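# Observations on the three-dimensional arrangement
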Amino acid sequence: RNLTVIDQTLKLIEKQGNTPLDLTAIDYTDPETYKLLAAGDTTGVFQLESSGMKDLLVRLRPENFDEVTALVALYRPGPLDSGMVADFVERKHGRKEVAYMIPDLEPILKDTYGVIVYQEQVMKIAGALASYTMAEADGLRKAMGKKIAAMMAEHRERFVKGAVKNGYEEAKAKALFDLMEKFGGYGFNKSHSAAYALIAFQTAYLKAHYPVEFIAALLTSEMHSIDGVVKYINECRTHLIDVLPPDVNHGDTVFTVADGKIRFGLVAVKNVGEGAVEAIVEDREADGPYASLFDFCERVDLRRVNKRVVESLIACGAFDSCGAHRSQMMEIL
C-alpha cells in the first residue's frame, strides 16, 4: 500500500506540471524532512504513524539516516521495556555518557551510541573479540534471537575462550557476553531496518515537500474506508489544505489535486461504486461537462449509474455546480 501511495504521489506531482521526481536521487540529509520527523508530524509516514512512535521521534529528534534506521529497530516491545530506547535517547543528546565496556567495541557500536541495537553488531563483536567465523557468528545470532538455552551455553564457553585467547580479561568477556545476551535477544536485523527506514524517509520527504499530493494519494489508498478518509481529511485541516467537495464535472475515481487543493474522489462517496464513476467520467470526457441533472440522466449509462447512485451524488453535493438546490433535485429525480 505504501509503495502505491508513493507511486500515486509521484504521478500527481507530475500532473501538476512539475519536474518528475526521482526518489532514488533525493537528498537524505534534507533539513525539511528531519524537521517534520522531529516534530512528530508523521501521520501517513510509513512505520512512523503510531502515537508511541511520534512520541519517540520528538524525544530522539533524528538528524541523519542512521538514526532513522535505529529508530525503526528500537521501537518494539523488547527494547522499549528493557530501557535500551531511553538509553539511546539520553546518550544521543549527551545527557548520559557513551561508555564502552571494552575500547575495541567503539568502532562497532559508535553509530548507536554504545547501545547494541542490531543483530549484525552482535556478529561483529563475536568476530572481532572472539575470532568467530561469519558462519559461527550467524549461529550465535540465531541462538540469541530464538533464546535457545543449550546453544547459548555452548556459545558462552566458545566466546569467553576466544576472547581470552585474544588477550581480553575473562571477567570482562563474561560480562560482555551477558550484555550481548540481554540486548542481542532484542537485536533487529539492520538490513531489514534500513529498508524500512528508506521507505519511511521517502514518505516523510514527500510529506515535507509535496503535502497536498501526498495526502491526496493517502486518501485514495483509504477511499473504501470511512475511518481512513476521516483520518486524512483531519490531516488536511491540520495542514490547512482545502478539500473541494465531490463534483460530477470535475471529480475523478480517485482523489486528485487542482490549484493546491484536493478534489474529493467520487468513489469515496457512500453507495457510489467504481463502475458508476467510470461511466460518469467516460461520458464527461467524450461529450463535455454536464449542464444539469436532466442532461446527466439523459447521457450516462443508467445500468451502471442507478437511482441510488444519483441520490447519493445529489446528497453529497456533487451536482451543486449545476445551480439547483439539493432538495429540488431530489424532488425532480
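Our subject is the structure that appears above.
### Overview of the pattern of salt bridges
Following the criterion strictly, the structure yields 24 salt bridges and no others. Between Arg 1 and Glu 222 there is a salt bridge whose closest N-O contact spans 3.6 Å. Of this pair, Arg 1 sits in the segment before helix H1 (2–15) while Glu 222 sits in the loop between helix H13 (211–221) and helix H14 (226–238), placing them 221 residues apart in sequence. A relative accessible area of 47% places Arg 1 in the partly exposed class. For Glu 311, the salt bridge goes to Lys 307, with nearest N and O atoms at 3.9 Å. Taken together, the positions of Glu 311 and Lys 307, both in helix H17 (residues 307–315) and four residues apart, correspond to about one turn of that helix. Residue Glu 311 is classed as partly exposed on the basis of its relative accessible area, which comes to 31%. Note on Lys 307: relative accessible area 53%, which makes it exposed. A single network of salt bridges, built from pairs that share partners, joins Asp 41, Lys 207 and Glu 235.

### Focus: the nonpolar core
In this structure, Ile 125, Phe 296, Leu 313 and Phe 319 are the most contacted members of the largest nonpolar core, which totals 107 residues. In this structure, Ile 125 is in contact with Leu 105, Ile 108, Leu 109, Ile 116, Ala 130, Phe 159, Leu 176 and Met 180, ignoring residues within four places of it in sequence.

### Brief notes about the packing of helix H3 (residues 51–60) against helix H6 (residues 84–92)
Running from N to C, H3 and H6 cross one another at 30°; their axes reach a closest spacing of 9 Å. Accordingly, the angle class assigned to the pair H3 and H6 is roughly parallel. For the pair formed by H3 and H6, the contact residues are Leu 56, Arg 59 and Leu 60 on the first element and Val 85, Ala 86, Phe 88, Val 89 and Lys 92 on the second. Across the contact of H3 with H6, the residue classes break down as six nonpolar, no polar and two charged.

### Considerations on the packing of helix H8 (residues 119–130) against helix H9 (residues 134–146)
Relative to each other, H8 and H9 sit at 130°, their axes nearing to 9 Å. Relative to H9, H8 is oriented oblique. Crossing of H8 over H9 shows right-handed handedness. In this structure, H8 uses Gln 119, Val 122, Met 123 and Ala 126 to contact H9, whose residues at the interface are Met 134, Ala 137, Asp 138, Leu 140, Arg 141 and Met 144.

### Notes on the packing of aromatic side chains
Within this structure, the stated rule accounts for eleven aromatic pairs. A centroid spacing of 5.2 Å and a plane angle of 80° characterise the contact between Phe 46 and Tyr 196, whose relative ring orientation is edge-to-face. You can see Phe 46 sitting in the loop between helix H2 (31–38) and H3 and its partner Tyr 196 sitting in helix H12 (residues 190–209), a full 150 residues away along the chain. Judged by relative accessible area, which is 28%, Tyr 196 ranks as partly exposed. With 6.3 Å between their ring centres and 75° between their planes, Phe 65 and Phe 201 make a pair best called edge-to-face.

Criteria and cut-off values
- All residue numbers refer to positions counted from 1 along the written sequence of the respective chain.
- With the structure being a predicted model, the display of local features is reserved for residues of pLDDT at least 70 and the display and counting of side-chain atom pairs for 80 or more, all residues being used for whole-chain, interface and lining totals.
- To get the side-chain values, take all heavy atoms of the structure and skip hydrogens and water.
- Between Lys or Arg on one side and Asp or Glu on the other, a salt bridge is scored when a side-chain nitrogen of the former is within 4 Å of a carboxyl oxygen of the latter.
- For helices the rule is a DSSP run of H or I covering at least 4 residues; for strands it is a run of E covering at least 2, with both sets numbered from the N terminus onward.
- A 1.4 Å probe rolled over the protein chains alone gives each residue an accessible area, and that area as a share of the maximum for its type sets the label: buried under 20%, exposed over 50%, partly exposed in between.
- For the purposes of this section, nonpolar cores are sets of buried Ala, Val, Leu, Ile, Met, Phe, Trp, Tyr and Cys residues that join through side-chain atoms within 4.5 Å.
- Pairs of residues are marked as contacts when any of their non-hydrogen atoms sit within 4.5 Å.
- In this analysis, axes come from line fits to C-alpha atoms, helices being fitted only over the stretch in contact, and the angle between any two N-to-C directions falls in the range 0 to 180 degrees.
- By the definition adopted for this analysis, an angle is roughly parallel if under 35 degrees, roughly antiparallel if over 145, roughly perpendicular if from 65 to 115, and oblique otherwise.
- Only Asp, Glu, Lys and Arg are considered charged, only Ala, Val, Leu, Ile, Met, Phe, Trp, Tyr, Cys and Pro nonpolar, and every remaining residue, Gly among them, polar.
- Working rule for handedness: look at the near helix, and if it is turned counterclockwise from the far one by less than a right angle, call the crossing left-handed; if clockwise, right-handed.
- By convention, a stacked pair of Phe, Tyr or Trp rings (six-membered ring in the case of Trp) has centres within 6.5 Å and planes under 30 degrees apart, an edge-to-face pair has planes over 60 apart, and any other such pair is tilted.

So yeah, pure geometry; function would need other evidence.
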